[in-house]
Amino acid sequence: VFVEPTEIVGPTNEMKQVEVELRQEEAKVWRQLTEEVIKHRDDIERSVSSIVQIDLVLARMRLGDLLNGVIPVVKDEGVMSVREAKHPVLVLRELEDIVGNDIDLGDNGNQGLVLTGPNSGGKTVILKLMGLFAYMTRDGIPLPAAPACTSITVDEETGGEIMEEVVPRVDYFDPVLADIGDIQSVDGDLSTFSGHMLVCREVLANSKKNALVLMDELGSGTDPAQGVAIAQALLEALLERGTRVAITTHYMELKQLAASDDRFEVGGMQFVSGRPTYKLLPGTVGESYALAVAERLNLPQSVIQRANELLDSETRQMGDLIRDLEDQKALVDAQALELEQKKKDMARLEIEMQAQREKLEAKQLSARRDEARKFAAKLEEKENILEDILQRLKSDPSKKLLARSWDDIRFVRRD
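Residues numbered from 1 in each chain as written. Predicted model: local features only at pLDDT ≥ 70, side-chain atom pairs only at ≥ 80, totals over all residues. Heavy atoms only, no water.

J.: What is the right way to read helix α6 (residues 224–240) from this model?
T.: A rise of 1.5 Å per residue sets the reference length of α6, with its 17 residues, at 24 Å; its end C-alpha atoms lie 24 Å apart and thus fit the reference within 8%. Inspection of α6 places Gly227, Val228, Ala231, Leu234, Leu235, Leu238 and Leu239 among the buried residues, and these make up the whole buried set. The buried side chains of α6 occupy one side of the element, clustering within an arc of 130° when seen end-on. In α6, the exposed positions that point more than 90 degrees away from the buried face belong to Ala225, Gln226 and Glu240. Buried-residue contacts for α6 involve α5 (192–206), β8 (212–215), β9 (244–248), α7 (252–260) and β10 (264–272). Directly after α6, the chain includes glycine 242, whose backbone phi takes a positive value near 80°. (Helix = DSSP H or I, 4+ residues; strand = E, 2+ residues; numbered from the N terminus. Expected span 1.5 Å × (residues − 1). Buried < 20%, exposed > 50% of the residue type's maximum accessible area, 1.4 Å probe, protein only. Arc of directions from axis to C-beta. Contact = heavy atoms within 4.5 Å.)

J.: Just checking my understanding: could you explain a nonpolar patch on the surface for this structure?
T.: Together, Val37, Ile44, Val48 and Val52 make up an exposed nonpolar region whose accessible area comes to about 320 Å². Along the chain, the position of valine 37 falls in helix α1 (residues 6–39). (Patch = residues over 30% accessible without salt bridge, like charges linked within 9 Å, V, L, I, M, F, W, Y side chains within 5 Å. Areas by Shrake-Rupley, 256 points an atom, 1.4 Å probe, with all protein chains shown as cover. Salt bridge = Lys/Arg side-chain N within 4 Å of Asp/Glu carboxyl O.)

J.: Mind showing me how you'd approach the sheet that holds strand β2 (residues 101–105) here?
T.: As a general point, the strands of a sheet are linked pairwise by backbone hydrogen bonds and lie either parallel or antiparallel. Taken in spatial order, the three strands line up as β2-β1-β6 in an open sheet, and their pairing is antiparallel. A single partner strand is all that each edge strand has here, and the edge strands are β2 and β6 (169–170). Where strand β1 (residues 80–85) meets β6, two bridges bridge the pair, whose relative direction is antiparallel. Each residue of the ladder has a partner; that of serine 81, found in β6, is arginine 169. Sheet strands touched by helix α4 (residues 123–138): β1, β2 and β6. Its angle to β1, the strand with the most contacts, is close to 115°. (Pairing = 2+ DSSP bridges. Axes fitted to C-alpha atoms, helices over the stretch in contact; angles between N-to-C directions.)

J.: Whenever I open this one, a negative patch on the surface confuses me. Can you help?
T.: Judged by side-chain charge, Asp107, Glu164, Asp262 and Glu265 come together as a negatively charged surface patch. Relative to the elements of secondary structure, glutamate 265 occurs in strand β10. (Lys, Arg positive; Asp, Glu negative; His and termini not counted. Charge placed at Lys NZ, Arg CZ, Asp CG, Glu CD.)

J.: I keep staring at the side chain of aspartate 171 and nothing clicks. Help me out?
T.: Positionally, aspartate 171 belongs in the loop between β6 and β7 (176–179). Under the relative-accessibility criterion, aspartate 171 is labelled buried at 0%. Within the structure, aspartate 171 has its side chain in polar contact with the backbone nitrogen of lysine 75 (distance 2.9 Å). Here the side chain of aspartate 171 touches arginine 169 through a polar contact of 2.9 Å, side chain to side chain. Those residues in contact with aspartate 171 that lie beyond four places of it in its chain are Val73, Val74, Lys75, Asp76, Glu77, Gly78, Val79 and Thr137. (Polar contact = N/O pair within 3.5 Å; in protein donor to acceptor, adjacent residues only side chain to side chain.)

J.: Sorry, what's going on with the packing of α6 against α7 here?
T.: If you want to describe how two helices pack, look at the angle between their axes and the distance between the axes. α7 packs onto α6 with a crossing angle of 30° between their chain directions and a minimal axis gap of 9 Å. Between α6 and α7, the angle is such that the two are roughly parallel. Judged by the sense of rotation from one axis to the other, the crossing of α6 with α7 is right-handed. Taking contact as the criterion, the partners of Val228, Ala231, Gln232 and Leu235 in α6 are, on α7, Glu253, Leu254 and Leu257. A per-class count over the contact of α6 with α7 returns five nonpolar, one polar and one charged. (Parallel < 35°, antiparallel > 145°, perpendicular 65-115°, else oblique. Left-handed = near helix turned anticlockwise from the far one by under 90°. Nonpolar A, V, L, I, M, F, W, Y, C, P; charged D, E, K, R; others polar.)

J.: What am I meant to see in empty space enclosed by the protein here?
T.: For the coordinates displayed, the defined rule picks out one cavity of 30 Å³ or more. Estimates place the volume of the largest cavity at around 50 Å³. In this structure, the largest cavity is lined by Asp179, Phe193, His196, Met197, Cys200, Met215, Asp216, Glu217, Leu218, Gly219 and Ser220. Here the element with the most residues in the lining of the largest cavity is α5; it accounts for four residues. Residues that form the lining of the largest cavity fall into these classes: five nonpolar, three polar and three charged. (1 Å grid on protein atoms, 1.4 Å probe; cavity = no way out; pocket = protein on both sides within 12 Å on 5 of 7 lines; lining within 4 Å. Points joined across faces, edges and corners; volume = space filled by probe spheres on them.)

J.: Please clarify how the pattern of salt bridges should be interpreted in this entry.
T.: If charged atoms from side chains of opposite charge come close, those side chains can pair. On inspection of all chains with the given rule, the structure shows 13 salt bridges. Close ionic contact of arginine 138 with aspartate 174 constitutes a salt bridge, the shortest N to O distance being 3.7 Å. In this pair, arginine 138 sits in helix α4 while aspartate 174 sits in the loop between β6 and β7, placing the two residues 36 residues apart along the sequence. One salt bridge in this structure joins glutamate 338 and lysine 342, with 3.7 Å as the shortest N-O distance. Of this pair, glutamate 338 and lysine 342 both sit in helix α10 (residues 313–395), separated by four residues, roughly a single helical turn. Judged by its relative accessible area of 47%, glutamate 338 is partly exposed. The exposure class of lysine 342 is partly exposed, given its relative accessible area of 45%. Ionic contacts of the salt-bridge type, sharing partners, join the residues Glu77, Arg169 and Asp171 into one network.

This is the structure in structure tokens:
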């Protein structure tokens, strides 16, 4: 049994009393602080809001630094024109050899971009990249793309070079609408095609001038002939509203539409030696390379050979033609790069030669100046000798002095 000693009863009671008073004082302080917070609530809320905005701006700036981003020109004309654009997620992962692509939409009168090329070739990545760039621009985040540069093109009529400054530009797109992926659902009684059609309905309902619509494999999931018809009708309806559209497709009819309609630009993903390079080639129609992709993914060779036999001659010939054209374009591009490199080397050599010429001319000028200084010194010396002779003759015109002066005059004439 513990019995509290009489000596500590008093101090213990005093301590408990102090603790009670301390709690009362704390409650008093908290009550006063609460009253002050309520009194200045509006000012505090504004301060917090300002701090949040400052923190958000700093976060955007730091993200832009991580992306090594550039600030684009922003207008309200529905234009996206960037060079060497890279997907932000790939840049943040610090992957090596990230492929940059040139993207042009809404410029020179084109309202739509049709992306073609092989499966797993990067078409959908380009589509998502465009959507990210649109949102990053709206939020003031620098874009991972090339800064302003000078582009050199060749005039087809005169053959001369045209220099043009290319400035990164992403206008303010509102809204940004996308149909990427599959929203089929058993619970919602949605098939792949019906899911796409529901999204297309919402896209049409919300699209307007300078909206950006991104659609992956438009018209897929149903009969190809009907899917193409729906896709083309949808594209025409969007363009009539002034919407900017980018789609991916494997349908030849949509590829032909893009090649024949001035409102569209077409681009193909490069495919070299049986593998995608993930490089977008503006102005080219890409082959799907379904058999090559299947072979790369180790589908049985017997199945691939049988599929090749089942292709109709027209499709096979068209595929061969596109492949030949892509191979020729790749060769021409390689030759153009080589020629450009040679031009740069020649320009560098010319600069070096000019620097050597200037250096040689400077040396020659310095040598001439040294010779001139030496000649002037000698001339001054001889002038002093002649002046001395004249002074002596004036002071003592004797024959003996004249004879000595002749020796000095011969010395002057000698040089």
